[in-house]
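Listed below are the residues making up each chain.
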Amino acid sequence: MSALRKKLDKLKPHFTEGGRFSKLRSVFEGLESFMYVPDKVTFKGSHIRDSIDLKRTMTVVIIAFDPALLFGAYNVGLQHFKSVGVDASLIKSFWFGFLRMLPLIIVSYVVGLGIEFIAAQIRGHEINEGFLVTGFLFL
């Protein structure tokens, strides 16, 4: 991991103010903060401080909606096989449903991540790390 950190540190000046790719700063910072803990912290204000950041919270969200996703995949396959009058096994129903749902899931995450990157670039803001983590964990 230290080789990746060194490579990112070497590339960072190109994405800062005045660098060749300064317009892509938010994309670089989003990817960097996805791989490593961000170096920006709050020192004052009336925040409740906790060890759980947005990335960890979104990881819990991913884990929490996995059972619903798995059951949904099974249910799609089960309903299909019931509608055609076939008595299919649990694995066959799940696999059929998962393959039917996979393109929808991929498209929704790719579009969502794309919109997040474009909006961050236009506004000059940072990329929402939680959404970035959610997309990459699932894909």
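Structure: above.
Residues numbered from 1 in each chain as written. Predicted model: local features only at pLDDT ≥ 70, side-chain atom pairs only at ≥ 80, totals over all residues. Heavy atoms only, no water.

## Quick look at the overall build of the chain
- For the chain, the helix and strand inventory stands at five helices and zero strands.
- Ordering the α and β elements of the chain from the N terminus gives α-α-α-α-α.
- Per-residue burial for the chain yields a buried fraction of 24% across its 139 residues.
- For the chain, long-range pairs separated by at least 24 residues make up 57% of all intrachain contacts whose partners lie at least 6 apart in sequence. (Helix = DSSP H or I, 4+ residues; strand = E, 2+ residues; numbered from the N terminus. Buried < 20%, exposed > 50% of the residue type's maximum accessible area, 1.4 Å probe, protein only. Contact = heavy atoms within 4.5 Å.)

## Some details on the side chain of Ser93
- Locating Ser93 in the fold gives a position in helix H4 (residues 90-123).
- Discounting residues that sit within four places of it in the chain, Ser93 has contacts with Ala73, Tyr74, Gly77, Leu78, Phe81 and Ala88.

## Considerations on the packing of aromatic side chains
- Scanning the model with the defined rule gives five aromatic pairs in all.
- Relative to Phe98, the ring of Phe94 has its centre 5.9 Å away and its plane inclined at 20°; by these criteria the two rings are stacked. On the criterion of helical spacing, the pair formed by Phe94 and Phe98 is a turn pair, its members being four residues apart in helix H4.
- Phe98 sits in the partly exposed class, given a relative accessible area of 25%.
- Judged by centre distance (6.0 Å) and plane angle (25°), the ring pair of Trp95 and Phe98 falls under stacked. On the criterion of helical spacing, the pair formed by Trp95 and Phe98 is a turn pair, its members being three residues apart in helix H4.
- On the basis of relative accessibility, which here comes to 48%, the residue Trp95 falls in the partly exposed class.
- The structure contains a cluster of three or more aromatic residues connected by ring pairs, namely Phe94, Trp95 and Phe98. (Phe/Tyr/Trp six-rings, centres within 6.5 Å; stacked < 30°, edge-to-face > 60°.)

## Observations regarding the nonpolar core
- Within the largest apolar cluster, six residues are counted, these being Ile62, Leu69, Ala73, Met101, Ile105 and Tyr109.
- Of all the secondary-structure elements, those providing two or more residues to this core are helix H3 (54-83) and H4. (Core = buried A, V, L, I, M, F, W, Y, C linked by side-chain atoms within 4.5 Å.)

## Notes on the packing of helix H2 (residues 25-35) against H4
- Where H2 contacts H4, the axes come no closer than 8 Å and their chain directions differ by 130°. Judged by the angle between their axes, H2 and H4 are oblique. Contact residues: Arg25, Ser26, Val27 and Leu31 in H2; Phe117, Ala120 and Gln121 in H4.
- Of the residues belonging to the contact of H2 with H4, the class tally is four nonpolar, two polar and one charged. (Axes fitted to C-alpha atoms, helices over the stretch in contact; angles between N-to-C directions. Parallel < 35°, antiparallel > 145°, perpendicular 65-115°, else oblique. Nonpolar A, V, L, I, M, F, W, Y, C, P; charged D, E, K, R; others polar.)

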